[in-house]
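# Reading the structure
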Amino acid sequence: MTDFRRSVLRPSLRTGLIFGGVALFLTLVGIIEVFSEREVIDGVVSMSYTVLWLVMGGAGYSAAARYKAERRYLLGGVSGAIAGLVTAVLLGILVVLGTAVNLRSVLVNATPALMRLLTFGQSTGVGVVLLLAAGAIVGLLGGLLKMVPERVRRPLLTGVAGVLVISVLHELIAVLFKSLGFPRGFIRFLFARKGLTPAGALISFVLLASLSVLWPIARSRVNQRVSSLPPRQRRSVRLLTFIALLAFLLFIPDLFQLYWTDVIDNVGLFILMGLGLNIVVGFAGLLDLGYVAFFAIGAYVTGLLTSPASSLGWGLSFWVAWPVAMVVGALAGVLLGIPVLRMRGDYLAIVTLGFGEIIRVLANSDLLKPYIGGAQGILQIPKPSIAGIQLITSQQLYYLILLGCLVAIFVSWRLSDSRVGRAWIAMREDEDVAQAMGINLIKYKLLAFAIGATFSAMSGAIFATKLSSIFPHSFNLLISINVLSLIIVGGMASIPGVIVGALILVGLPEVLREFAEYRLLMYGALLVIMMLVRPEGFWPAARRRLELREDGLEIAGGET
């Protein structure tokens, strides 16, 4: 009994208390109640219950981890059930207190609706018993999931995660299916108004679970076949793949509605900025928190040169102003780089942060108001036009953003494996060693700042013409934080990682727009989870992944 208490009960209680604290936090900040408005499976389970089950299942999964190596299935299941039960007990205490005492004077989100939600619409006693039973069962399932072999666990996790993702994106996928000509009855068979239908959830689960099993086998065979081809045929395969991808990108405005194309445009602008900051932070290792300044410079230069209502009043074409904005952005990058050449790490971040704020304050100041409009900004910025056709709608501007992204991707890709790219990576790893090896730090630092600022100014110019007006409050610190976050989440120094990060941090909040007030909370939570679980990001660069794996092996070896 003493061994059971020491080896099972105490660790499980500790894990349950930690996850119970997480569940209480999510409940009391209002997320659980707000999420009840969205269904994961129509009429079966809402997103609020899904979040609670994930927390309870996560408690069981974590508690059972200590028994995984020894394959002690019974102890793993029991430990998971105890951890899930403790998580539910904390919620049950909240329900009892919330029913007996008015907590709303202190905890504003402890509403009667929340209590009904936690008790499944039953009386307090029955509801708490159901909650505790649910916690124990879900914790038990989480524990058993951890104990089963990897070949079983992976399809199950992939299927569950896939159902959740498809449910969140069901509006977008339904629009895509409709554009592709799928029958309306088929779409209604899969998707309900607020989520997946039970049949749609089952089909999605089976398909994704099967795909997780078959995909590694198919990918291995395809890679082997492509590797066995002569070099000329391999290039042809890559070219055909690129053409197919490009064709899909060109047809995106026809596949999605105006609103979703506008969302994709916003994602594209952040991809453009992310690719620039990826060179500065990911390749060269220079932490830049004032990156929004170059975005603002590109937008203001475009506004000044193209708007007839600006102080210059020149009314130039966008195609003239765009390269000028990029050149001015590059010069601003060099000017920022010169005073910070000797700075590293935190000091560099603080100085660049100050630079970004200086640009915003100057744009809002009375000093420059006669030139750039102050708080009133610059209005009447014209849309770009090609051969007399003005790019007015989001679907038309999409192609301009796509052009910018393709240019930035091409430049980043060519630089990543070039001599310049290797010099940046050497600087990122150790500046002193890089300098000792003959790398000109001044030259490569200024080059990184200039190229990164150019991409940001390019994005700012498109942003200005997209909105037709710009104001200083559009260029706050949050833009820099967002761009840096998408690089971290996607994967430092990874070009695909930038795209993935932008889709998650910029596109996903638009899908979950009814939960916009929790956007920053989700950002923070996602970053913490990423740093703990997958510090290399969702799609890391091969070199970065190798570095982290090597460190992990060294640490593990040292501990052993």
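Just so it is clear, the model here is predicted, and its values are computed rather than measured. Residue positions are given per chain, counting from 1 as you read along its sequence in written order. In keeping with the predicted nature of the model, local features appear solely for residues at pLDDT of at least 70, side-chain atom pairs appear and are counted solely at 80 or more, and the whole-chain, interface and lining totals rest on all residues. Neither water nor hydrogens contribute to the side-chain values; these are computed over all heavy atoms in the structure.

### A short note on the overall build of the chain
As a reminder, the rule being used: Numbering of helices and strands runs from the N terminus; a helix is a DSSP stretch of H or I covering at least four residues, while a strand is a stretch of E covering at least two. Throughout, radius of gyration means the C-alpha value; the globule benchmark is 2.2 Å times the number of residues raised to the power 0.38. A simple rule labels every residue: compare its accessible area, found with a 1.4 Å probe on the protein chains alone, to the largest value its type can have, and call it buried under 20%, exposed over 50%, or partly exposed in between. In this description, contact between two residues means that some pair of their heavy atoms is separated by no more than 4.5 Å.
In terms of helices and strands, the chain carries 24 helices and four strands. For 560 residues, the compact-globule estimate of 2.2 N^0.38 gives 24 Å, and the chain sits close to it at 27 Å. Every one of the 560 residues in the chain was classed for burial, and the buried ones make up 46%. Intrachain contacts of the chain at a sequence separation of at least 6 include 75% that bridge at least 24 residues.

### What about a nonpolar patch on the surface?
Counted only if it meets this: Every patch collects residues that have over 30% relative accessible area and no salt bridge, joining them within 9 Å if they carry like charges and within 5 Å if they are nonpolar side chains (Val, Leu, Ile, Met, Phe, Trp, Tyr). With residues, only the protein chains shown are counted as cover, and all accessible areas are computed by Shrake-Rupley using a 1.4 Å probe. Salt bridge criterion: a side-chain nitrogen from Lys or Arg within 4 Å of a carboxyl oxygen from Asp or Glu.
Together, Leu180, Phe182, Phe186, Phe189, Ile203 and Leu207 make up an exposed nonpolar region whose accessible area comes to about 550 Å². Among the secondary structure elements, Leu180 is positioned in the loop between α8 (170–179) and α9 (184–190). Accessibility expressed as a relative area gives 49% for Leu180, which makes it partly exposed.

### Comments concerning the pattern of salt bridges
All told, the structure shown has eight salt bridges when counted by the stated rule. Between Glu150 and Arg154 there is a salt bridge, with its nearest N and O atoms 3.4 Å apart. Residue Glu150 and its partner Arg154 are both found in helix α7 (residues 150–168); the two are separated by four residues, about one turn of the helix. Between Lys445 and Glu431 there is a salt bridge, with its nearest N and O atoms 3.3 Å apart. Taken together, the positions of Lys445 in helix α20 (residues 441–467) and Glu431 in helix α19 (residues 431–436) put the pair 14 residues apart, joining distant regions of the chain. The same class applies to Lys445 as to Glu431, namely buried. Counted as one network, the salt bridges with shared partners bring together Glu150, Arg153 and Arg154.

### Here's the deal with the nonpolar core
Selection criterion: Put simply, a nonpolar core is a bunch of buried Ala, Val, Leu, Ile, Met, Phe, Trp, Tyr and Cys residues held in one set by side-chain atoms that sit within 4.5 Å of each other.
Ranked by internal contacts, the top residues of the largest apolar core, which has 84 residues, are Trp424, Ile470 and Phe475. Those residues within four positions of Ile470 in sequence are excluded, and the remaining contacts are Ala299, Tyr300, Gln376, Gly377, Ile378, Ile381, Phe463, Ala464 and Phe475.

### So, a positive patch on the surface
We count it as follows: Positive residues here are Lys and Arg, negative ones are Asp and Glu, while His and the chain termini are left out of the count. Where a charge sits is defined by one atom per residue type, namely NZ (Lys), CZ (Arg), CG (Asp) or CD (Glu).
Together, Arg419, Arg422, Lys443 and Arg543 give the surface a local cluster of positive charge. Here Arg543 is to be found in helix α24 (residues 542–559). For Arg543, a relative accessible area of 41% corresponds to the partly exposed category.

### Looking at the environment of Gly290
Among the structural elements, Gly290 can be located in the loop between α12 (258–283) and α13 (292–306). For the pair Gly290 and Asp432, spaced 142 residues apart in the sequence, the C-alpha separation amounts to 25 Å. With residues near it in sequence (within four places) discarded, Gly290 still touches Thr352, Leu353, Phe355, Gly356 and Ser480.

### A closer look at the environment of Val320
Examined against the element boundaries, Val320 turns out to sit in helix α14 (residues 318–337). The sequence separation of Val320 and Thr302 amounts to 18 residues, and the corresponding C-alpha distance is 9.0 Å.

### Looking at the confidence of the model for the chain
A low pLDDT means the predicted coordinates there should not be read in detail. Stated formally: The pLDDT score gives, residue by residue, the confidence of the prediction method on a 0 to 100 scale.
Confidence in the prediction for the chain averages 88 pLDDT; 97% of positions are at 70 or higher. Mean pLDDT in the chain bottoms out at α24, which sits at 56, and peaks at α13, which reaches 95. Considering only residues more than four positions removed or in separate chains, one finds that residues 552–560, a stretch of pLDDT under 50, has zero contacts.

### Brief notes about the packing of helix α3 (residues 47–63) against helix α6 (residues 124–147)
The condition is simple: Only the stretch in contact is used when a helix axis is fitted, and all axes are lines through C-alpha atoms; the angle between N-to-C directions ranges over 0 to 180 degrees. Note that the term roughly parallel is reserved for angles under 35 degrees, roughly antiparallel for angles over 145, roughly perpendicular for angles of 65 to 115, and oblique for everything else. In this scheme the handedness of a crossing depends on how the near helix is turned from the far one: anticlockwise by less than a right angle means left-handed, clockwise means right-handed. Under the convention adopted here, Pro, Cys and the residues Ala, Val, Leu, Ile, Met, Phe, Trp and Tyr are nonpolar, Asp, Glu, Lys and Arg are charged, and Gly plus all remaining residues are polar.
In contact at an axis separation of 7 Å, α3 and α6 are set at 50° when each is read in the N-to-C sense. Taken together, the axes of α3 and α6 lie oblique to each other. Judged by the sense of rotation from one axis to the other, the crossing of α3 with α6 is right-handed. Of the residues in α6, those touching α3 at Trp53, Met56, Gly57, Gly60 and Tyr61 are Leu131, Ala134, Gly135, Val138, Gly139, Gly142, Gly143, Leu145 and Lys146. Grouping the amino acids of the contact of α3 with α6 by side-chain chemistry returns seven nonpolar, six polar and one charged.

### What to know about the packing of aromatic side chains
To keep it simple, the criterion reads: Each Phe, Tyr or Trp ring (for Trp, its six-membered ring) is paired with any other whose centre lies within 6.5 Å, and the angle between the two planes then decides the class: stacked below 30 degrees, edge-to-face above 60, tilted in between. Either the NZ atom of lysine or the CZ atom of arginine qualifies as a charge over a ring when it sits within 6 Å of the ring centre and within 35 degrees of the ring normal.
With the rule as written, the count across this model stands at 20 aromatic pairs. Between Phe295 and Phe463, the ring centres sit 5.1 Å apart and the planes meet at 45°, which makes this aromatic pair tilted. Of this pair, Phe295 sits in helix α13 while Phe463 sits in helix α20, and the two are 168 residues apart along the sequence. With respect to burial, Phe295 and Phe463 carry one shared label: buried. Within the aromatic cluster, the residues linked to one another by ring pairs are Phe177, Phe182, Phe186 and Phe191. In this arrangement the basic side chain of Arg414 is found over the ring face of Trp413, its NZ or CZ atom lying 5.6 Å from the centre.

### Points about unusual backbone geometry
Non-glycine residue Phe120 carries a positive phi angle of around 60°. As for its placement among the helices and strands, Phe120 is situated in the loop between α5 (112–118) and α6. You can call Phe120 partly exposed: its relative accessible area is 26%. The phi angle at Ser468 is positive, at roughly 65°, despite the residue not being glycine.

### Overview of the side chain of Lys445
Take Lys445: its relative accessible area is 2%, and that puts it in the buried class. In this structure Lys445 touches Leu286, Leu341, Met343, Met427 and Glu431, once residues within four positions along its chain are discounted.

### A look at the packing of α13 against helix α15 (residues 345–364)
Put simply, α13 and α15 touch, their axes get as near as 8 Å, and they point 35° apart. Side by side, α13 and α15 meet where Ala293, Phe294, Ala296, Ile297 and Tyr300 of the first sit next to Phe355, Gly356, Ile359 and Ala363 of the second.

### Here we look at the environment of Ile271
Within the element layout of this structure, Ile271 appears in helix α12. Linking Ile271 and Pro323, residues 52 residues apart in sequence, is a C-alpha distance of 19 Å. Aside from chain neighbours lying at most four places away, what touches Ile271 is Cys405, Val498, Ile499 and Ala502.

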